Amino acid sequence: MKAIELIKQPILEEMELFESKFRESMVSNVPLLNRITQYIVRRKGKQMRPMFVFLVAKMVSNGKFEERTYRGASIIELIHTATLVHDDVVDDSNRRRGFFSINALWKNKIAVLVGDFLLSKGLLLSIDNDDFDMLKLISIAVREMSEGELLQIEKARRLDITEEVYFEIIRQKTATLIAACCGIGAASVGSSKDEIDKMRLFGELIGVAFQIKDDLFDYSDDKIGKPTGIDIKEQKMTLPLIYTINNCSADEKKWLINSVKKYNKDKKRVKEVIAFVKQKGGMEYTIQKMKEYHSKALEILETYPDSSYKTSLLTMVNYVIERKI
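Quick look at the structure, then. (Residues numbered from 1 in each chain as written. Predicted model: local features only at pLDDT ≥ 70, side-chain atom pairs only at ≥ 80, totals over all residues. Heavy atoms only, no water.)

**Points about the pattern of salt bridges**
Pairing between side chains of opposite charge can happen when the charged atoms of each approach one another. Per the stated rule, a full pass over the model turns up 16 salt bridges. The shortest N-O distance in the salt bridge between Arg-68 and Asp-131 comes to 3.0 Å. Here Asp-131 lies in the loop between helix H6 (102-128) and helix H7 (132-156) and Arg-68 lies in helix H5 (residues 67-90), a separation of 63 residues in the sequence. In this pair, the class of Arg-68 matches that of Asp-131, namely buried. Members of the salt-bridge network, linked through shared partners, are Arg-143, Glu-144, Glu-168, Arg-171 and Glu-204. (Salt bridge = Lys/Arg side-chain N within 4 Å of Asp/Glu carboxyl O. Helix = DSSP H or I, 4+ residues; strand = E, 2+ residues; numbered from the N terminus. Buried < 20%, exposed > 50% of the residue type's maximum accessible area, 1.4 Å probe, protein only.)

Following this line, the structure appears as structure tokens:
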């Protein structure tokens, strides 16, 4: 059985019911919007975010579940989908998970409006049900995701990202939404503020480990579906590169920065950069950092009694750093 199927086992019924509730949450009186949202639902990914909401909710409450938990998962998925639609416009991307993006099929103007619609649906779903605690958690995530994206754009122009700034960018861009999933899961079943904060930290740690793993794919020799060197071609400063730039001679640093700035489309040069990063220990350092975040996330889980939900979360945490893509 695949890892994702194993993880889903204790929440299969909830995930099936969630599918229909999520579809309902996107319904509109505008036929064009309904056509587009149906297209979105059909090309859904692994749905890891709702799984985090359900598994955390059940783990912290000894298997209890509330209607609020479904709403929490729908809010997360609506907001997440809105950000993906907007990201494809910002990145001028025509594909998403092997399918055409919304902007490729319906153009940028409609894609931006669809993203806005999904965002408003997510906010209204919480407001209409007085779920203000969950609204606060998701609003913090939206703010941080926007700040992280803008911080990365600002720093990418000068290629002067320090390790500290790198971790702040990935915390905001990627980890904050997974933190919101885990916080909302705990909040949906009436957990204390301390427990919600603990689960938010758990999600943040996994999110950072997840993004570091993504960075490592750029230097992988495996056939993973993502071409190696793509981050270098896009002038993205990832941890293996940042470490190497900070741990080489002045001439080597100059060559590296020049390669990323001016020769990032040269396949031979990109291969040389990848080889140099590996030679200088950039991969080993990055793997070590990923494992540190992974271990801290496991430490938090160990404070909970054994259950099928905890086991699934453990599998999820391990899957994040062992996945092939």
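**Thoughts on helix H2 (residues 12-25)**
Every α-helical turn comprises 3.6 residues, leaving residues that sit three or four positions apart pointing alike. In this model H2 runs 20 Å from its N-terminal to its C-terminal C-alpha over 14 residues, within 8% of the 20 Å that 1.5 Å per residue would give. All of the buried residues along H2 are Glu-14, Met-15, Phe-18, Phe-22 and Ser-25. For H2, the secondary structure elements touched by its buried residues are helix H1 (3-8), helix H3 (31-42), helix H4 (48-60), H5 and H6. (Expected span 1.5 Å × (residues − 1). Contact = heavy atoms within 4.5 Å.)

**Regarding the side chain of Thr-69**
Mapped onto the elements of the fold, Thr-69 is located in helix H5. Within the structure, the side chain of Thr-69 is placed 3.0 Å from the side chain of Ser-188, a separation counted as a polar contact. With sequence-adjacent residues up to four places away left out, Thr-69 is seen in contact with Val-53, Phe-54, Ala-57, Ser-188 and Val-189. (Polar contact = N/O pair within 3.5 Å; in protein donor to acceptor, adjacent residues only side chain to side chain.)

**A closer look at the packing of H4 against helix H15 (residues 308-322)**
Geometry of a packed helix pair, given as the angle between the helix axes and the separation of the axes. Between H4 and H15, the least distance of the axes is 9 Å, while the angle of their chain directions is 145°. The interaxial crossing formed by H4 with H15 has left-handed handedness. Contact residues: Met-48, Met-51, Phe-52, Leu-55, Val-56, Lys-58 and Met-59 in H4; Tyr-309, Lys-310, Ser-312, Leu-313, Met-316, Tyr-319 and Val-320 in H15. For the contact of H4 with H15, the residue count by class is eleven nonpolar, one polar and two charged. (Axes fitted to C-alpha atoms, helices over the stretch in contact; angles between N-to-C directions. Left-handed = near helix turned anticlockwise from the far one by under 90°. Nonpolar A, V, L, I, M, F, W, Y, C, P; charged D, E, K, R; others polar.)

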